[in-house]
Amino acid sequence: MKYISIIGSTGSIGTQTLDIVRNNPDIKVAALSCGKNIDLIEKQIREFSPQVAGVWDEKDAADLRSRLKDKNIQIYSGMDGLIEVATAGQAELVITAIVGMRGLRPTVEAIKAGKHIGLANKETLVTAGHIIIPMAKEYGISIYPVDSEHSAIFQSLNGEEANEYEKIILTCSGGPFRGKTKKELENVTAEDALKHPNWSMGKKITIDSATLVNKGLEVMEAKWLFDADLSQIEVVVHPQSIIHSAVQYKDGAVMAQLGTPDMKIPIQYAIYYPKRRPLDGKRLNLFDIGTLTFEKPDLDTFKGLALAYDALKKGGNMPTIYNAANEKAVELFLNGKIKFLDIPATIKDCMDNCRFIADASLTDVLETEEAVYEYINSKHL
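Structure report, in brief. Predicted model only: the values in this text are computed from it and were never measured.

### Side note on unusual backbone geometry
For residues besides glycine, phi is generally negative; the peptide bonds are generally trans as well.
Step number 1: The step from Tyr273 to Pro274 runs through a cis peptide bond, and the omega angle for that step is 10°.
Step number 2: One can find Pro274 in the loop between α12 (264–272) and α13 (286–289).
Step number 3: Unusually for a residue other than glycine, Ser49 sits at a positive phi of about 50°.
Step number 4: With respect to the secondary-structure elements, Ser49 resides in the loop between α2 (38–48) and β3 (52–55).
Step number 5: With relative accessibility at 30%, the residue Ser49 sits in the partly exposed group.
Step number 6: Unusually for a residue other than glycine, Asp227 sits at a positive phi of about 50°.
Step number 7: The topology assignment puts Asp227 in the loop between α11 (213–225) and β9 (233–237).

Quick look at the structure:
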């Protein structure tokens, strides 16, 4: 029996992980957490019988305890609740499917508790890769990427010496606005930005895909996951989303992972690595696909990706400034407070004006996030 915990069980990655659990009786859920979707997590708890659950608000936790009086379960709230879920006794693997920097501290505590990590929370490595990767090595913990692109790189490296690769080819769909000009993007709405051509994802990550900030975050994540220099990571726009990413080796050979756009593949691979299990779903048919195309990313129109390179070059807490500024800007955009092109403009403003710390500790990272939020709030509230 394999025991797992899921941080963010009611979101896109979390619900798909539970679909995999339903089809594999040798997986047992030890703990679940969510933000505010109390109705859904109640159903999940009744179905999967975890021993521990966490929700963000204490009022919601009290409500959930009342609803689940008939179940033998411990229910916690806030950051303490996330940490309880991340360190739940029987769990061997923690799927970190929560969005944002709330996933950082639970990941740290899970590693210290000896849990392997199925990483779907980009912000953990974006903001603290310089802390997390050495810590995982110290505790003998494996980090299995759950993002489709990083899983593809991980799979393409499997069976090879990691230091033999020459280049990581990180593919990008281009999002809903691929090929658009700045002028055309001036007045696009949140509804427009949420229409991703290939993937079904949560709102925040879908907006990030539209700005290409998501790809910027993935470049940062790839640096830490695969010990890569920035010069070794190449972003390629691939609108069909069939090649999920690739690795070019020193002899010129390129290994790629292909498949239909289905997040269950990387999730299940992370759970059962290094084994593969049967998985229902649409199979790739190259005759139906016909043609695969590739383009260079437009870094002038989609400045979110260019700014990510700048943040990674600067290092320290600059990736945290980048990430926190984006999180707040996306929130403002979804609430109709700023325009689409104001998202990268807000990121640049914060990178130019928020305090830079070259050697950022975990405390510095968390304080930087708050400082960025305060800086943006001072301008928009």
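That shown, we press on.
### Points about the sheet that holds strand β1 (residues 2–7)
Step number 1: Here we have seven strands laid out as an open sheet, ordered β4-β3-β2-β1-β5-β6-β7, and parallel in their pairing. Strands with a single pairing partner mark the edges of an open sheet, and in this sheet they are β4 (74–77) and β7 (143–145). Averaged over all adjacent pairs, the angle separating strand axes in this sheet is 25°, with direction ignored.
Step number 2: Sheet analysis places strand β2 (residues 27–33) next to β3, joined by three bridges and oriented parallel. Bridging from a neighbouring strand, Ala31 pairs with Val52 of β3.

### With respect to the environment of Arg65
Step number 1: Among the structural elements, Arg65 can be located in helix α3 (residues 58–67).
Step number 2: By relative accessible area, which is 33% here, Arg65 ends up partly exposed.
Step number 3: A C-alpha to C-alpha distance of 9.9 Å links Arg65 and Ala53, two positions twelve residues apart in sequence.
Step number 4: At 2.9 Å, the side chain of Arg65 and the backbone oxygen of Ile75 are in polar contact.

### A few points about α12
Two residues of an α-helix separated by three or four positions point the same way, owing to the 3.6 residues in each turn.
Step number 1: Within α12, seven of the nine residues are buried, leaving the element largely enclosed by the surrounding structure.
Step number 2: Along α12, the residues classified as buried are Pro266, Ile267, Gln268, Tyr269, Ala270, Ile271 and Tyr272.
Step number 3: Among the structural elements, β1, α1 (12–22), β2, β5 (93–96), β7 and α7 (148–157) are those in contact with the buried residues of α12.

### Concerning the nonpolar core
Step number 1: Counting residues in hydrophobic clusters, the biggest one holds 119 residues, and the most contacted among them are Val219, Phe226, Tyr322, Phe340 and Ile343.
Step number 2: A total of nine residues in this core trace back to one element, the largest contributor, which is helix α15 (residues 318–334).
Step number 3: In this structure, Tyr322 is in contact with Val213, Gly216, Leu217, Met220, Gly304, Leu307, Ala308, Ala311, Ile347 and Met351, ignoring residues within four places of it in sequence.

Procedures and definitions
Residues numbered from 1 in each chain as written. Predicted model: local features only at pLDDT ≥ 70, side-chain atom pairs only at ≥ 80, totals over all residues. Heavy atoms only, no water. Helix = DSSP H or I, 4+ residues; strand = E, 2+ residues; numbered from the N terminus. Buried < 20%, exposed > 50% of the residue type's maximum accessible area, 1.4 Å probe, protein only. Pairing = 2+ DSSP bridges. Axes fitted to C-alpha atoms, helices over the stretch in contact; angles between N-to-C directions. Polar contact = N/O pair within 3.5 Å; in protein donor to acceptor, adjacent residues only side chain to side chain. Contact = heavy atoms within 4.5 Å. Core = buried A, V, L, I, M, F, W, Y, C linked by side-chain atoms within 4.5 Å.

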